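# Coordinate inspection notes
Spelled out from the first residue to the last, the chains are:
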Amino acid sequence: MANYKIEKISDFLYEIPAVGAMKVPLRIYASEQTLKKMQTDKSIEQGMNVACLPGIYKYSIIMPDGHQGYGFPIGAVAAFDIENGIISPGGIGYDINCGVRVLSSSLRKSDVEPKITQILDKMFMYIPCGVGEKSHIKLNDTELNKVLNKGIVWAVQNGYAEASDASKCEENGSMQAAEANFITHHARERGRSQLGTLGAGNHFAEVQIVEKIYDATAAQHFGITEENQITVMIHTGSRGLGHQICTDYLRIAEEQDFVRSLPDRELAYFPASSNKAHEYFGAMCAAANFAWCNRQVISSQIRRAFIEIFGQIEGKLNLIYDVAHNIAKIETHNIDGKSRKVYVHRKGATRAFGPGHAEIPEIYRKIGQPILIPGSMGTASYILIGTDKAMDDTFGSTAHGAGREMSRHEAIKKYNADKLCNELLDRHIHIRSASRKGISEEAPAAYKNIDEIVKISDMAGIGKIVVKLKPLGVIKG
Amino acid sequence: MEKFKYLTHTADAKFVAKGRTHENVFMNSAYAMFNLLTDIKRVRGKTSVKIFLKSKTIENLLIDFLNELLFLLEVKNFVPAMKGHTIKITLRPGEAEIKGRIKGDNIKKYEHHGHIKSATYNEFSFKKIPRAYRAQIVVDI
C-alpha cells in the first residue's frame, strides 16, 4: 500500500488515485511543505487504508493539519453509506467530541491585561485541571443519564448555561440519538466525577485578544467589532468517559473475524446496518453530549471568574459557538448528483457548513457556520466560516488545529519549562499549568505552524478566515 | 534485561516492554505506560488493587489489562509501584486470564503530568523472543 503516485490538483490540493483495494481516491489538502511533512509519517498510508473501507463515498480526505494517527489518520474525513457502509470507533477517536468553544466579551485588552494574573488564578481555582483532579459536581445515576441523553439541556436546567447557549452549539449541544444504556459501567464511572474538568495534554482554557479582523461583516455576527477585544477559548472533550467508550467498542469491533484482514486493527468497524453500529452510535452521541456539558460547566466557571472581577455587565461572556473535532454524524450530502444520507466521520476535523445550511444557527446562517481552530500554547487561534466549496468537496469539513510535529519525549528534552514560561511572558502570555513537564511537552515549536494550516484551508476554499486571536493567559492540565 | 524502552512517536507514545514470563512482560508494560505520567521508580506500594480479567487471547488480555489500569487511575487515582505484585496469568484454549493484586499508591502524592486516553492496537505486537516475551504498544495521549 505504501507505493503511490501523487497528482497535484491545485496549489493546496493533491490526489492519490484509487489503486489496489482503494474504492475511492485519497485527497490531501496541503501546501508543498506540509505535504512533505505528511510523507515522513504514516498519515498518507492511513488515508489510503480508509479509502478501502466498505461503502465509502467520493474520497478519503486528509485535512491540512493531518498527521499519523491509529487506523484513520488525525485530520481524516470520510463519509460512508448509512446502510451499506460502516461506522468505525477509530474513525472518530478516543476523545469523542473533543472540541472547542469561544466566548466573546465587551472587555478590551487594556481592561484585562492588568488583571490577567487574578483571572488565571480564579480560573485555575474553579476548573479542575490534570490527572486525578475531580469535579465539584457529583452525578448520581439519574443525573448522569440526563447529562448523557440530553446534553446542554441538562446544563440549562441546572444553572450552568444561559438559555441561548444551546442554540450556539453544533447540534444544539444535544445529539438526539444518544443512548446512555449503551455505555458500560467503566465509562460511567470514569465520567461520573469528571464533568467540568479540563484534563491534561493539549487541552486548555485561554483568555485571548482579537489580534486581527479579516472579515468585519462576519466578525460582527460573532460580536467581534474591534481589535484588542477580549475572547475566551475552551478546548477539551468527553474526558475518560469518551475514552472508555471508544476503548470498549473498539474491543468489540476488533473481535470480528474480518478485522484480521484489515491493514490496521484500529480500522475495525461495525457494518452500518448492524445492531452494534446502532449501539456504538448511541453511546458515541451520549459521549458527545457529555463533552458539550463539560465545556459548558467550564464556561460557567469562567463566567463566574469574570463576573467576580469585572461585575455582571462588563464581565459578561457570550458564547459565539461550540464545535466538535472528533465525531461521526448522520448527514445528508449531495453525492454524484444524488442526495444521500451518510455517516460522516471527522477525526481531527471541523464541520464547515456553508451559508444557508439549515443546521447552522439562524444568527449565523447567512454567513456560514463558525469554525473554531485552536493553536498550540502561546500561538494564535482562528475563527473561520464554512463555505459552499467545503460542502461540495469535503462533506462540509475543514482543519481543526496545529497538529504535533515533535514527540512529547523530544519536546521535554529540548524545552525547559521555566525558560519557556519566561519567553512567553516576554510576549505578554501568562501560563498556569498543573505540571512543569506539561508545559515543556506543549512547547509551541512541537506543533505545526497554525498560520500555515488555516491559510491552506482558506486558500483551498474549505474555510474563510474571519478573525485571528492571540493568547493573553492560558490554563492547562 | 531492560524492562522497557520508548520508541519515537510524534503524536502519541510507543514503547517496547520485555519480560521472562507473561506476568513480567505485563507488569513491565504497565510500568512503561505509567512512567509516561510519573517517575514510576518513586511510587511506593502503600495500597493495592485487585485485578481479575478474562480475554480470548494473551494479546487482547495485555491491552485489556493496561486499559483496566487506566480505569483505576482515573477512578481511584491508582498508580502501580514497581514491586509487590502477585498477578498470575493462566492460558486455556480460547481464553487468557489474569488474576491477583497489584501494589501502588495515589498518583496525586507524586509529581505527574499529562494523561493517557487508552492503550491501542495500533502497531501492537506481542511475541516470544529467545528466553523472553516482547510487547510493543502505542498508547493514545
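Quick look at the structure, then. As the structure is a computational prediction, the values presented were derived from the model and not from experiment.

A separate point is the overall build of chain A. A count of helical and extended segments in chain A gives 15 helices and 19 strands. Computed over its C-alpha atoms, the radius of gyration of chain A comes to 21 Å, within 12% of the 23 Å expected for a compact globule of 477 residues. For the C-alpha atoms alone, the extent of chain A along its principal axes is close to 60 × 50 × 50 Å. Counting every position in chain A, which comprises 477 residues, the buried fraction comes to 62%. Of the contacts made within chain A by residues no fewer than 6 positions apart, 76% connect residues no fewer than 24 positions apart.

A few words now on the sheet that holds strand S1 (residues 7-10) of chain A. All names here are of chain A. Here seven strands make up an open sheet; going across it, the order is S1-S2-S3-S4-S5-S13-S12 and the pairing mixed. Strand pairing shows two members of the sheet lacking a second neighbour, S1 and strand S12 (326-335), which therefore form its edges. The sheet shows a mean angle of 40° between the axes of neighbouring strands, direction not considered. Two strands pair when backbone bridges link them, and strand S2 (residues 13-16) and strand S3 (residues 26-29) are joined in this way by four bridges, in the antiparallel orientation. Directly across from Leu-13, in S3, lies its bridge partner Tyr-29.

What follows covers the interface of chain B and chain A. Taken together, the contact between chain B and chain A spans 27 residues of the former and 37 residues of the latter. Mapped onto the side of chain B that touches chain A, the elements with two or more residues apiece are helix H2 (58-76) and strand S9 (132-140) of chain B. Of the residues forming the side of chain B that touches chain A, the biggest block, four residues, is contributed by H2(B). In terms of residue class, the side of chain B that touches chain A is built from 10 nonpolar, 12 polar and five charged.

Basis of the calculations
- All chains use their own residue numbering, which begins from 1 and follows the written sequence.
- All chains are assigned letters beginning with A, and all ligands numbers beginning with 1, in the order in which they are written.
- Residues qualify for local features only when their pLDDT is at least 70, as the model is predicted, and side-chain atom pairs are given and counted only at 80 or more; totals for whole chains, interfaces and linings, by contrast, use all residues.
- Each helix is a run of DSSP H or I of at least 4 residues and each strand a run of E of at least 2, with the numbering of both proceeding from the N terminus.
- Only C-alpha atoms enter the radius of gyration; for comparison, a globular chain is expected to reach 2.2 Å times N to the power 0.38, where N is the number of residues.
- Neighbour counting defines burial: a residue surrounded by 20 or more other C-beta atoms within 10 Å of its own C-beta is buried, one with 12 or fewer is exposed, and intermediate counts give partly exposed, using backbone-placed C-beta atoms.
- Contact definition: two residues whose C-beta atoms, as placed from backbone geometry, lie within 7 Å.
- Only strands joined by at least two bridges in the DSSP assignment are considered to pair.
- Note on geometry: axes are lines fitted to C-alpha atoms, helical ones only across the stretch in contact, with angles between N-to-C directions running from 0 to 180 degrees.
- Polarity classes work like this: nonpolar for Ala, Val, Leu, Ile, Met, Phe, Trp, Tyr, Cys and Pro, charged for Asp, Glu, Lys and Arg, and polar for all others, with Gly in that last group.

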